[in-house]
Amino acid sequence: MSFERARHLWTQTEARALHDAPFNNLLFLAQTVHRQNFDPNKVQLSRLLSIKTGGCPEDCGYCSQSAHHETGLKASKLMEVRRVVAEAEKARDSGATRYCMGAAWRNPKARDMDAVVAMVEGVKALGMETCMTLGMLDREQAARLKQAGLDFYNHNIDTSERYYSEIISTRSFAERLETLEHVRQSGIKVCCGGIVGMGEEPVDRIGMLVTLANLPEHPQSVPINMLIPIPGTPLADAKPIEPIEFVRVIALARIMMPKSHIRLSAGRTAMTDEMQALCFFAGANSIFVGDTLLTADNPGEDKDTLLFRRLGIEPMELEAQ
């Protein structure tokens, strides 16, 4: 099996064989692939801001922002453009090179698009990469965001197609793939990953990565989230994924999508430094910085700085556009 170049025809059997390999063998292969494509001691830093919180009509079982769940989170209006740009400037000055903006929508409404476009243009003017996650997009919306200068669009598939209906009923797996295709066709880079620890089986984690690796182009960013159980959501009592099993997912993502940024995303507050270090060794090379991820806690910048110093890791610089 060759890993010298990106592949798009992975089978579940091939991926399962890698996932189930002896742990040391899996990590050695993942680190080898990682070094062929990236500096192993550089990690890309992103900052995530919720520009519109709560009141989402979707029923995603993990989400505190769903209007279907009693989590105590109050819905907010869309933030003002100038405030979003001011927050982005702070993030840039603290070392973030990419600014991600998320709205709790099923899909953006026409009345919101002017403000969203202005946010993209304002953040781009700061010299940062821009990313948005606004729910489903149609072709026209994707094209307009591309014209505004949006670099990345995040739209996670969350889990495998097999397990998907156990988590969400208001949006189909096929609809998620349709939005990804609209984004890709527009020329915006795709940011797409999923969540583990939602009660799924290993076959579902593998299936999720097979779906991503078999897209026409690999997502340029692949966020791997560890479920943060939120009181009031259907997954509040989900059994946590074992740390070694989580690291296996990171390693498999690196091997199957060798040139993608694999982002160690939500759930880092529940990870030890040693677990995060294993994830970086397995090929993770992107994190969110800051105290919050949308509505969830995230390790503060001081803690990340200390961990990076201990591991000899440096922030990745913004690539020339």
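Residues numbered from 1 in each chain as written. Predicted model: local features only at pLDDT ≥ 70, side-chain atom pairs only at ≥ 80, totals over all residues. Heavy atoms only, no water.

**What to know about helix α1 (residues 12-19)**
Condition: Residue burial is assigned from relative accessible area. The probe radius is 1.4 Å, only protein chains are included, and a residue is buried under 20% of its type maximum, exposed over 50%, and partly exposed in between. Secondary structure counts use DSSP, requiring at least four H or I residues in a row for a helix and at least two E residues in a row for a strand, with both numbered from the N terminus. When we speak of the arc, we mean the arc of directions from the helix axis to the C-beta atoms. Residues are treated as being in contact if the distance between any of their heavy atoms lies within 4.5 Å.
Within α1 the residues assigned to the buried category are A15, L18 and H19. Each buried residue of α1 sits inside an arc of 100 degrees when the element is viewed along its axis, so together they form one side. Buried residues belonging to α1 abut α2 (23-37), α7 (202-213) and α8 (243-256).

**Thoughts on the pairing of strand β8 (residues 261-264)**
For a regular strand, the rule is simple: side chains alternate between the two faces of the sheet. Defined as follows: Paired strands, as defined in this entry, are two strands with at least two bridges between them according to DSSP. Look down the strands so they point away from you; if going from the first strand over the helix to the second traces a clockwise path, that crossover is right-handed.
Alternating residues of β8 divide into H261 and R263 and I262 and L264, and every residue in both groups is buried. Sheet topology note: the strand β7 (residues 221-226)/β8 ladder contains four bridges and is parallel. Residue V222 lies in a different strand from β8, and its bridge partner there is I262. Following the chain from β7 across α8 to the adjacent parallel β8, one finds a crossover that is right-handed. As paired strands, β8 and strand β9 (residues 286-289) are joined by two bridges and run parallel to one another.

**Considerations on the confidence of the model for the protein**
Going by this rule: Confidence of the prediction at every residue is given by pLDDT, a number between 0 and 100.
Taken over all residues, the pLDDT of the protein has a mean of 90, while the share at 70 or more is 92%. At the low end of the mean pLDDT range in the protein sits strand β10 (residues 292-293), at 49; at the high end sits α8, at 98.

**Describing the packing of α8 against helix α9 (residues 273-281)**
Threshold: What counts as an axis is a line fitted to C-alpha atoms, over the stretch in contact for a helix, and the angles between N-to-C directions run from 0 to 180 degrees. The labels follow the angle: roughly parallel below 35 degrees, roughly antiparallel above 145, roughly perpendicular from 65 to 115, and oblique for the rest. For any pair of crossing helices, the crossing counts as left-handed if the nearer helix is rotated counterclockwise from the farther one by less than a right angle, and right-handed if it is rotated clockwise. When residue character is reported, Ala, Val, Leu, Ile, Met, Phe, Trp, Tyr, Cys and Pro are called nonpolar, Asp, Glu, Lys and Arg charged, and the others, Gly included, polar.
Orientation of α8 relative to α9, taken along the N-to-C sense of each, is 25 degrees, at an axis distance of 9 Å. Relative to α9, the element α8 is oriented roughly parallel. With respect to the hand of their crossing, α8 and α9 are arranged in right-handed fashion. Contact residues: α8 offers P243, F246, V247 and I250, while α9 offers M275, L278 and C279. When its residues are assigned to classes, the contact of α8 with α9 shows seven nonpolar, no polar and no charged.

**Things to note about the packing of aromatic side chains**
Quick note on the threshold: Stacked, edge-to-face and tilted labels apply to pairs of Phe, Tyr and Trp rings (six-membered ring for Trp) whose centres lie within 6.5 Å, assigned for plane angles under 30 degrees, over 60, and everything in between, in that order. The criterion for a charge sitting over a ring is simple: Lys NZ or Arg CZ within 6 Å of the ring centre, and within 35 degrees of the ring normal.
Inspection of every chain in the model, using the stated rule, returns two aromatic pairs. On the numbers, 5.5 Å between centres and 75 degrees between planes, the contact of Y164 with F173 is edge-to-face. The pair formed by Y164 and F173 is uniform in burial state, with each residue classed as buried. Ring centres 6.1 Å apart and planes at 85 degrees place the aromatic pair F280 and F308 in the edge-to-face group. One end of the pair, F280, is in helix α9; the other, F308, is in helix α10 (residues 301-311), with 28 residues separating them in the sequence. For F308, a relative accessible area of 7% translates into the label buried. Directly above the ring of F152 sits R98, whose terminal nitrogen or CZ lies 3.7 Å from the centroid. When the ring centre of F288 is taken as origin, the NZ or CZ atom of R263, which lies over that ring, is 4.8 Å away.

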